[in-house]
Every structure is written in structure tokens, then in C-alpha cells.
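# Chain and residue survey
Okay, here's what each chain looks like letter by letter:
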Amino acid sequence: MPNEKDALEIINNPNNFTATPEYLEPEETEAAAPAPKSNEPSKKEPGGFSRRGFLKVGGLTAAVASVGGAGAAGFAIGRSDDAYTGYNRTYQGGDMFFNREPFRTDLPTFFKPVGKVERPDWTEYLFQRKAVIMGYIKEGTWTPDKGLKALPGPVGNYYRSRPKEEFETMMKALENSVIRAEAWKAGKHKRYAIADAYNASFRDTGMYNRYGSTVPEDPAEKYEQTGVPVPPEEWDYRHIWRKEPLKFKSPKHATKLIKRMAHMYGMSLVGITKFDPRFMFKGLMRGMPNQGHDTWGDKVPEHWKSIIVFGVPMYWDSTYSAVGYSTSFDAYFRSRCASGLLERFIQELGYPARAQFPGHHYEVMMSPYVQLAGLGEYSRAGVVMVPELGANFRPAAVITDIEFEYDKPISVRMADFCMKCKICADACPSGAISKSDRPETVIRGFKRWRLDEEKCHLQWCSGPTSDGLGCRVCIGLCPYSRKNTWIHTISRELEPRDPTHLVSKGLLAMQTNFFKYPEAEEFKSDWDGGKEANYHKAPWWMRSDDFFEIERTWQYHGME
């Protein structure tokens with residue numbers, strides 16, 4: 001087994017240093033604004049301190065300056081299993097430990113419409129498009145050599161209305177999937193043997209088997225088996241046996257019970273919000289012929305009144321070792337199981353319920369609901385960051401007609417930090433993440449950093465994995481995706497309260513100066529011009545050459 005290194009050795013090793021980004025050089029860094037004069041009121045932001053008050057609290061200016069030294073100890077204690085947020089006090093709700101109440105707001109960050117708000121069409125869901133294309137190829141209806149002009153149906157219309165590079169990137173992804181599979185058989189299955197076995201145990205037993213989905217049941221599979229449409233007015237009520245639903249004493253009681261049950265089913269975080277049809281796909285309804293693509297239109301079931309959102313993190317150490325040693329399926333399995341259990345629990349009480357769960361069993365876009373439920377904020381990488389877990393959060397949901405006390409969104413400055421930090425964009429192997437300072441692209445009425453999902457998917461299909469599902473580099477490298485150590489508790493509690501922005505500047509300086517990131521190209525597979533590098537080296541229990549009689553022909557990359 002590799003020897004554990006002392007954190008100070010890691011911090012002080014020049015090989016783990018990187019140059020200070022241009023935007024943090026002294027001449028570019030704003031000086032702290034002077035304290036207000038005695039006759040001027042101190043400005044105070046919601047949930048925070050005044051500028052003058054903040055600088056007085058505990059000598060914060062000095063604390064920020066010493067963050068780099070604290071990083072050594074933080075790195076060391078971060079190795080402890082006790083720091084694995086999401087795997088400790090989850091059943092009692094103890095992993096949802098950040099107090100959101102001082103930071104509640106009316107709208108999530110970047111949620112004020114700047115144009116006409118439009119619901120997403122099902123063709124905007126990449127994996128729906130890919131499924132249709134793969135179906136055409138399997139049936140012989142269409143093949144890539146026929147080109148975009150001949151691609152039939154709504155998917156063809158979608159790509160013809162977009163820049164041609166998007167279709168070309170999808171075709172490149174399909175091509176790379178074949179190369180990736182050949183490389184896997186040729187030898188990569190040895191290097192990543194344990195990682196793949198771990199991945200497959202969740203994917204092929206926990207989530208799916210030869211009969212289809214395991215937990216929860218899925219209406220699309222019911223239709224495939226019987227040929228009989230299963231509308232939501234039937235599916236969402238299927239296990240209800242009571243003549244009347246049990247009446248809650250109040251919405252507050254309903255909220256308290258259902259949140260507790262989400263935690264009891266293993267979820268780290270849970271929030272509840274009103275169902276907002278603006279973020280429901282048009283032309284998509286599982287259980288209907290062709291998943292509703294042809295007939296469902298823009299209908300919204302009348303009983304879809306509330307949505308319960310919850311989730312867990314992926315296993316931390318393997319996430320830091322993306323691409324080849326990471327998987328989303330460990331978290332997907334847990335969140336989808338919880339969605340099925342909570343769906344059945346609610347129906348047993350006499351209320352309709354419908355689970356929304358990974359990998360692709362949705363009628364809604366999850367990200368807006370995670371934000372509306374007050375769990376986190378929008379990020380540069382397009383995923384939602386939450387205070388306890390950063391970007392390492394895999395959600396699921398249940399839609400019902402129960403009346404709750406709804407959670408309000410939060411504003412804890414994570415999106416503001418994203419405007420300063422471009423670590424994920426700089427490290428993205430596919431160049432899919434925007435490097436613009438602020439969200440500039442208007443998407444369905446909202447300003448967003450544009451994520452080039454076709455490029456992102458291309459990297460998925462090209463990674464050193466057996467299934468070509470996922471990359472996760474942006475999640476592992478995000479400064480917020482860190483375990484629960486005292487150094488991150490300080491960051492989490494002080495940053496949203498700091499009107500001076502000194503904390504965020506100090507934390508970003510520490511992150512970029514004390515920790516080495518591979519170059520973006522180095523994350524790629526070796527056959528794709530990369531080194532299969534990692535931010536952190538593979539966890540000890542995923543190093544196949546340490547357990548099996550396998551000759552190691554590769555080098556481990558990343559911090560130990």
C-alpha cells in the first residue's frame with residue numbers, strides 16, 4: 001500500500017504549486033475599502049455583518065491571510081472518514097448542518113427573467129435525443145453516413161436549427177464510444193478493474209437488471225411491457241388504498257414528517273417547494289406512447305402541486321480521482337432508492353406521488369427545483385452547489401399534491417464565488433464550461449453561463465471507463481466540493497457573511513496556489529491525447545495492481 005504523506009509535505013512540495021492566476025496578482029486585486037466614517041451607517045447584507053463589524057470579528061483579516069497555513073491541517077484531517085459529509089448522521093438529518101435561515105431570499109441567484117420564459121422541450125434533453133438517434137441506428141431507419149439532412153423527426157429538426165458543430169460533436173461522441181470500448185477490452189479493464197466493478201455493482205444490480213429498472217418502478221417500462229398507456233392520473237395513484245387521504249394537522253406537520261422520512265431513507269439534504277411548470281419538459285411523459293413525444297404537448301397534471309427534492313453526495317475520494325476511478329452511480333442508486341421509498345410512503349398515506357430519479361427518469365429539470373427548494377445555488381458548471389457538499393450533490397425528487405410549508409431559496413454567495421473562480425472551466429477536458437466572468441447567454445428567459453452539453457457528453461463517451469458515462473472533473477475540482485473539516489466550516493460560515501470579499505479572495509488564492517491541478521488535456525484518455533490524470537491519485541482500495549496479479553503499465557497521476 002502507498003505510504004501516507006504528511007500534509008505539510010504535500011503543501012510544501014513545489015511540484016504541487018501553481019502560479020497565481022492573473023486576476024489574483026497584486027496589481028489586479030482590489031484593496032479593502034476603508035471603514036465608513038463614524039457618522040456613516042455600516043452597510044449590512046442579509047445574514048451578514050457590516051463591513052466594519054466583519055473586520056473586527058476575530059481579526060478576520062489576519063485569519064484570511066493565514067488560510068494557506070491552515071490548509072495543511074485541513075488537508076490532513078480531510079482524509080478522515082469522520083469528514084465524509086453525507087455518510088455520518090444522515091438518518092437523523094445531521095448531515096444537513098448548514099443553517100440556511102439567515103440567507104433565505106425570494107428568488108434564487110440569476111433567477112430573475114430577462115426575457116420570455118419558455119418551458120424546455122423534450123428535444124433539449126440530450127439523453128432523450130441520444131436515445132432517439134440510437135433507436136434509429138438500431139432499427140436501420142437512419143445511419144450516420146446519411147448525414148444530418150436525412151435525420152428524421154423532432155431530433156433532426158432540433159439539430160438542423162442549431163449550429164452544425166453540435167450535431168458533429170454528437171457524431172464524434174458516438175464514434176469515440178466505439179474507440180473507448182475497444183481500448184477497454186484491449187487492457188484498460190485491468191487498470192480500472194476495481195473502479196469498474198464498484199460502478200457496475202450499482203449500475204447493473206442496484207439500478208437496473210435484465211428486466212429494467214429496479215427501484216423505483218418506472219411507468220415507461222410498464223407501458224413497454226403491456227402496450228397500455230399509463231397516464232400520471234393512474235400511475236401516481238396506483239398504490240393508494242385509502243378512501244380518503246390521512247389529513248395532516250397542518251402544512252407544518254406535513255413538512256416535518258416528509259423531511260424526516262427523506263432523511264430516514266438515507267438522504268443527506270431535503271427541501272420542498274411549490275411545483276413550477278416552467279421547468280417541466282414539454283412533450284415528455286413516461287408511461288405514454290413514445291414517452292409522450294408525439295401526444296403529450298404542454299399539459300401539466302392537475303395534482304402536481306408540490307415537489308420534494310433531496311439527494312446525497314458521490315463517494316468523496318473516488319470523485320476526486322475522476323475520470324477513470326469515479327462514478328455517479330453510487331449516489332444515483334441511493335437517491336433513486338429514496339425516491340421510490342418516499343413515493344410509496346406518500347401513496348400509503350393516501351396521496352398521489354411520482355418519483356423523479358436518475359439516470360434519466362424525469363419529466364422535469366432538476367436544477368431549478370434544487371434551487372427553488374433552498375438547497376443551493378446555480379454554478380458556472382451548470383450544476384447546483386449546496387453549502388454542505390458543494391457541487392457533489394446528486395438529487396432526486398417526488399411530486400405530490402400535499403400542501404407544505406415551502407422552503408425559500410438561499411443566497412450564500414456561491415454563485416458570486418463562481419464569477420471569480422474559473423477552476424472548473426480551466427480544467428474541463430472538453431472545454432464545455434464557459435469562461436465568461438458573468439452569465440451572458442439568455443436561455444429560455446434566464447441569464448446563464450452556457451454549458452456546451454454536446455462537448456461535455458463527448459468527454460463522457462471518451463473517458464477511460466467501461467460504459468462511457470460521466471466525467472466529474474468539474475465536481476471534484478470545485479473548491480466547494482470538500483469534506484466537512486473545520487477549515488471548510490470556517491469558509492462555509494464566513495464567506496456568505498463577508499461584505500469585504502476578503503474571505504473568498506483568500507480561499508481562492510489558497511486553492512490555486514497550494515494545490516496542483518492537471519492541465520485540461522491531461523484528464524483525457526491516452527488514446528485521445530491525454531494522460532488519464534487525476535486531481536487526487538486513485539484511492540488505495542481502487543488500485544488494482546495492489547490486490548491482483550496485474551502488471552502495472554501505467555503511472556498514477558495526482559496528489560497523494
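Everything here concerns the structure above.
Quick summary incoming for the structure in this document. Note that the structure is a prediction, hence the values are computed from the model and not measured.

The rules we used
- Residues numbered from 1 in each chain as written.
- Predicted model: local features only at pLDDT ≥ 70, side-chain atom pairs only at ≥ 80, totals over all residues.
- Heavy atoms only, no water.
- Helix = DSSP H or I, 4+ residues; strand = E, 2+ residues; numbered from the N terminus.
- Buried < 20%, exposed > 50% of the residue type's maximum accessible area, 1.4 Å probe, protein only.
- Contact = heavy atoms within 4.5 Å.
- Pairing = 2+ DSSP bridges.
- Axes fitted to C-alpha atoms, helices over the stretch in contact; angles between N-to-C directions.
- Patch = residues over 30% accessible without salt bridge, like charges linked within 9 Å, V, L, I, M, F, W, Y side chains within 5 Å.
- Areas by Shrake-Rupley, 256 points an atom, 1.4 Å probe, with all protein chains shown as cover.
- Salt bridge = Lys/Arg side-chain N within 4 Å of Asp/Glu carboxyl O.
- 1 Å grid on protein atoms, 1.4 Å probe; cavity = no way out; pocket = protein on both sides within 12 Å on 5 of 7 lines; lining within 4 Å.
- Points joined across faces, edges and corners; volume = space filled by probe spheres on them.
- Nonpolar A, V, L, I, M, F, W, Y, C, P; charged D, E, K, R; others polar.
- Parallel < 35°, antiparallel > 145°, perpendicular 65-115°, else oblique.
- Left-handed = near helix turned anticlockwise from the far one by under 90°.
- Phe/Tyr/Trp six-rings, centres within 6.5 Å; stacked < 30°, edge-to-face > 60°.
- Lys NZ or Arg CZ within 6 Å of the ring centre and 35° of its normal.

### Things to note about the overall build of the protein chain
Each helix and strand counted, the protein chain has 20 helices and 10 strands in total. Within the protein chain, the fraction of its 560 residues that count as buried is 54%.

### Examining the environment of A355
Position of A355 among the secondary structure elements: in strand β5 (residues 353–356). For A355, a relative accessible area of 2% corresponds to the buried category. For A355, the contacting residues outside a window of four places in its chain are P216, R286, S339, E343, H361, A397 and V398.

### Focus on the sheet that holds strand β8 (residues 394–400)
Read across the sheet, four strands follow the order β3-β4-β8-β5 without closing on themselves; strand pairing throughout is antiparallel. Because the sheet does not close on itself, it has two edges, and the strands there are β3 (269–274) and β5. Neighbour to neighbour, the strand axes of the sheet diverge by 20° on average, direction disregarded. In this sheet, strand β4 (residues 306–312) lies alongside β3 in antiparallel orientation, the contact comprising six bridges. From the neighbouring strand, I272 faces β4, where its bridge partner is I308. Running over the sheet, helix α13 (residues 329–348) touches β4, β5 and β8 and is turned about 15° from β8.

### Some details on a nonpolar patch on the surface
Together, W540, F547 and F548 give the surface a local cluster of nonpolar side chains, amounting to about 340 Å² of exposed area. With respect to the element layout, F547 can be found in the segment after α20 (502–514).

### Details of empty space enclosed by the protein
Leftover empty space is mapped by rolling, across the atoms, a probe with the size of a water molecule. According to the stated counting rule, one finds three cavities of 30 Å³ or more in the structure shown. Size it by volume and the largest cavity reaches roughly 220 Å³. Contributing to the lining of the largest cavity are 15 residues, with P479, Y480, H488, S491 and L507 lying nearest its centre. Classifying every residue of the lining of the largest cavity gives seven nonpolar, three polar and five charged. Here the second largest cavity defines a volume of roughly 120 Å³.

### Some details on the packing of helix α5 (residues 126–139) against helix α6 (residues 153–160)
Close contact between α5 and α6 brings their axes to 9 Å; oriented N to C, the two are set at 120°. Classed by the angle they form, the pair α5 and α6 counts as oblique. α6 is crossed by α5, and the crossing has left-handed handedness. Residue-level inspection shows R129, V132, I133 and Y136 of α5 in contact with α6, the latter providing G153, V155, Y158 and Y159. Taken together, the residues that form the contact of α5 with α6 break down as six nonpolar, one polar and one charged.

### Brief notes about the packing of aromatic side chains
Aromatic rings in a pair are described by how distant their centres are and how their planes are angled relative to each other. For the structure on display, the rule yields 31 aromatic pairs. When the centroid spacing of 5.1 Å and the interplanar angle of 85° are considered together, the rings of Y198 and F202 count as edge-to-face. Separated by four residues within a single helix, Y198 and F202 lie in helix α8 (residues 193–207), roughly one turn from each other. An identical accessibility class is assigned to Y198 and F202; each is buried. The aromatic ring of Y378 is capped on one face by R448, whose charged end is 4.7 Å from the ring centroid. Above the ring of Y556, the side-chain terminus of R543 is found at 5.2 Å from the ring centroid.

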